[in-house]
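Structural characterization, general
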Amino acid sequence: MKNILLIFIKYGTHLLFIAFQIIFFTLIININRVHGDIYNNTKSIFFENLNNKVDQLSDYLKLDEQNDSLARENARLMDVIINQRINTPKSILLDTLLLQQYSFIPAEICNKTIHLRNNYFTLCAGKIDGAKPMMGVISTEGIVGITTKVSENYSQVIPLLHSQSRISASIKGLHFFGNLVWKEANPRIMTLEAVPKHAAISIGDTIVTSGYSSIFPRDLPIGTIVNFEIAKGSSNYVIDVGLFNDLNNLSYAYLVNNKLKEEQLNLENDIDE
Amino acid sequence: MNSLVTKSVIRAVLLILLQGLVFRRIAFQMGDFAFIHLFIYPIIILLLPIRTPKIIQITVAFVVGLSIDAFYSSYGIHASALVFTAYIRNFVIKLLEPYSGYNVDESPTLSKLGFSWFLSFASILFFIHLFFYFSVEAFSFVFFFEILMNTIFSFIASILLVMLYQLIFRNDY
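Description of the structure in this document.

Rules of the game
Residues numbered from 1 in each chain as written. Chains lettered and ligands numbered in written order. Predicted model: local features only at pLDDT ≥ 70, side-chain atom pairs only at ≥ 80, totals over all residues. Heavy atoms only, no water. Disulfide = S-S within 2.5 Å. Helix = DSSP H or I, 4+ residues; strand = E, 2+ residues; numbered from the N terminus. Buried < 20%, exposed > 50% of the residue type's maximum accessible area, 1.4 Å probe, protein only. Core = buried A, V, L, I, M, F, W, Y, C linked by side-chain atoms within 4.5 Å. Contact = heavy atoms within 4.5 Å. Buried area = accessible area lost by both parts, 1.4 Å probe. Salt bridge = Lys/Arg side-chain N within 4 Å of Asp/Glu carboxyl O. Nonpolar A, V, L, I, M, F, W, Y, C, P; charged D, E, K, R; others polar.

Two cysteines, two sulfur atoms, one covalent bond between them: this is a disulfide. All names here are of chain A. For the structure on display, the rule yields one disulfide over all chains. Two residues, C110 and C124, share a disulfide whose sulfurs are 2.1 Å apart. Separated by 14 residues along the polypeptide, C110 in strand 1 (residues 102-112) and C124 in the loop between strand 2 (121-123) and strand 3 (136-138) bring together distant segments of the chain. Of the residues examined, C110 reaches a relative accessible area of 36% and is grouped as partly exposed. Judged by its relative accessible area of 26%, C124 is partly exposed.

Ranked by internal contacts, the top residues of the largest apolar core, which has 59 residues, are I40(B), I43(B), F118(B), F121(B) and F126(B). Contributions of two or more residues to this core are made by helix 1 (2-31) of chain A together with helix 1 (2-22), helix 2 (42-46), helix 3 (54-72), helix 4 (77-95), helix 6 (115-138) and helix 7 (144-168) of chain B. Setting aside its immediate chain neighbours within four residues, I40(B) contacts L15(B), Q19(B), F23(B), F126(B), L161(B), V162(B) and Y165(B). Of all hydrophobic cores here, the second largest spans 44 residues; its members include A131(A), I167(A), A199(A) and I225(A).

The next point concerns the interface of chain B and chain A. Listed as interface residues are 23 residues of chain B and, on the opposing side, 17 residues of chain A. Summed over both partners, the interface of chain B with chain A buries about 1700 Å², with 80% contributed by carbon and sulfur atoms. Inspection of the chain B/chain A interface yields zero salt bridges. Listed by contribution, the elements that provide at least two residues to the side of chain B that touches chain A are helix 3, helix 4 and helix 6 of chain B. Tallied by class, residues from the side of chain B that touches chain A come to 15 nonpolar, six polar and two charged.

Below is the structure:
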């Protein structure tokens, strides 16, 4: 007790100074709004960084465990896939909701160009596997393109990255739709045209297929809005869309087989006549 | 001794009122430039008698600072800076000690210790005070340029004001 008192007598000024500064600091951040905001921001940035670091560390420590479980999962899936290839034909029905309107045919991409103005993909799946012209081609992350010519064992695809490719796309949650075309040299950016300028869109919105053609099912994710503007004198947006899938880094795709396509086309042609 | 305390208290009250009612409203503006603010109240701490115990200096700074803050409605900012100034005042006094030493019962005024001594004493403490004050006011060194500009220009204006004050009131007020 005596020692504590001695400390107070000896260092009292310094302690008082520190105590006052702490009181002021609390006062400043609690009463002055601007200072409080700055304090809270700084604090949250700091703690976020700290949390991220700790998360990274713990993730790293868990890697071994995750590797093990992934290897086991892989082995199990290989088992299933190989068995299925033996027992069933190549086309698998994946969609069970829409009366199985769509079935998907897995296909490997055997050849592709990316850096030309008009690119073509070739799939290792042809008539034998059920491929037809004007079928949609999708990947697990987004859409790829549309088939044009089909031979016995191969099919040619006009991918998104082609000056003539036109995909009907809409903004998720809105019913406005437009044409998705490739204008830039960048294989990750597409342009969405003909969306009227009264549509309330913002950067980061998801672009999905509209389903207004018979080629793609509706609401397949394509990409997000990275930028948009209204051209002078136009009433439509010009929207830059960042694709979800990197077509450059794609080795596997699925052909979309719309079983009701002919029915729909027949009906629509009837109306024309 | 007693008269010294009375004098100090009266001086403090008058200077707080002067700062809070008059100098608070004065901010020179030159074009886009609003960096000049006048500060006189740190002189209250500067002019406390030399041998005042440190703990009392800091307490006085606490009270004076909070009264100034009440005028500026910026709770704790002036007080924080002023307490810091009071905390380092003794170091500065020790640093500038002349060969003959101080008369510890007196206030370190211009008339007692000479023009150059007082100028360096006031300059050091005012500069530190202003820099501390504007740093706390901005609360982030993101605004370092503004802090520096504010400090430098307010420093020049305030030190002129303080020297003027000391030259006018020569008799230890």
